[in-house]
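Each chain is listed here by its residues.
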Amino acid sequence: MQTSTLRQKIVVLTGAGISKESGLDTFRGADDALWHKFDWKRLASVGGFYEDPEAVLEFYNERRKQLLSVEPNHAHKLLAALEQWHDVTIITQNIDNLHERAGSSHVLHLHGELTKVTSSDNRNDPKCIKELPLDMPIKLGDKAVDGSQLRPHIVWFGEFVTEYQTAAEIIKDADIFVVIGTSLTVTPASELIRYPHRSVPKFLIDPNPISDPYNDGYLGQFEHIRQSASLGLEIFVDSLLELQY
């Protein structure tokens, strides 16, 4: 891979489209997406957890088990390789660890991480968040340090996205902003496209047509590369040679 010798701050927002190439199920969009097959109100909300914690834990244990069976794909590896020439920060809506496994060293998870568990009473308390090997299921009766039932370290529907403001500040400082594999229909993550400076180059990599989530023309600032994550990133990397300042 060859890129410009000028080191720049590249901020990348990734969604399910990049992990789908590794074989992970998506939560929305396609007909086979998880929320077309399962009830999110039952399996991805605080109310659902308190009503039937065993069903919720089983659902996420299956997601954890699936993560063990897949590998980072070409797109993940391209982003990791970019760190040799640029300062790359990845902000991901995904709850898998494929960016880290590919070698990316600056990854911010907006919606939590399958590899971690936390307290069902104090989910954002750092003392309660810990790594749990993916081959170890979360069971009823497993306790956090505060004595509450352990739960997945996932932001469920209706819960506050605690990393949102951190992500916004990172994007404000970007020299180049790239969005990969997201339909921009999930809030508040979709609102992050408004934070890069108007003058910086912006790219949207997704094979599907993307509607402007706010109908304000802002998405028109993005160059839409209508390819899969891997093919689109190859095109993007080639374009970096032309982005000289």
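The written sequence of each chain sets the order in which its residues are numbered from 1. Reporting in this predicted model follows two pLDDT cut-offs: at least 70 for local features of residues, and 80 or more for side-chain atom pairs to be given and counted; totals over whole chains, interfaces and linings ignore these cut-offs and use all residues. As a rule here, side-chain values cover all heavy atoms of the structure and leave hydrogens and water aside.

1. Here's the deal with the overall build of the protein
Line of reasoning, step 1. For the protein, the count of helices and strands is nine helices and nine strands.
Line of reasoning, step 2. For every residue, the accessible area (1.4 Å probe, protein chains only) is compared with the maximum for its type, and the residue is labelled buried under 20%, exposed over 50%, or partly exposed between those bounds. Counting across all 245 residues of the protein, residues that qualify as buried make up 51%.
Line of reasoning, step 3. Looking at the protein alone, contacts between residues at least 24 apart form 67% of all its contacts between residues at least 6 apart.
Line of reasoning, step 4. In this description, accessible areas are obtained by the Shrake-Rupley approach with a 1.4 Å probe, and a residue is regarded as covered only by the protein chains that are shown. Surface accessibility of the protein: about 11700 Å² in total, with carbon and sulfur atoms responsible for 50%. Per the convention used, a helix needs a DSSP run of H or I reaching at least four residues, while a strand needs a run of E reaching at least two, with both numbered from the N terminus. Here a residue-residue contact requires only that any non-hydrogen atoms of the pair lie within 4.5 Å.

2. As for helix α8 (residues 164-172)
Line of reasoning, step 1. Among all positions of α8, only Y164, A167, A168 and I171 are buried. Summarising the axial view, the buried residues of α8 lie within an arc of 100°, below the 170-degree limit, and thus occupy one face.
Line of reasoning, step 2. Looking at the buried residues of α8, the elements they touch are β1 (9-14), β2 (87-92), β3 (107-109) and β7 (176-180). It is the directions from the helix axis to the C-beta atoms whose arc is reported.

3. What about the environment of V46?
Line of reasoning, step 1. By the element assignment, V46 lies in helix α4 (residues 46-51).
Line of reasoning, step 2. The exposure class assigned to V46 is partly exposed, which follows from its relative accessible area of 30%.
Line of reasoning, step 3. As for V46 and W156, which are separated by 110 residues in sequence, their C-alpha atoms are 6.9 Å apart.
Line of reasoning, step 4. With residues up to four places along the chain from it excluded, the contact list for V46 reads W156 and E159.

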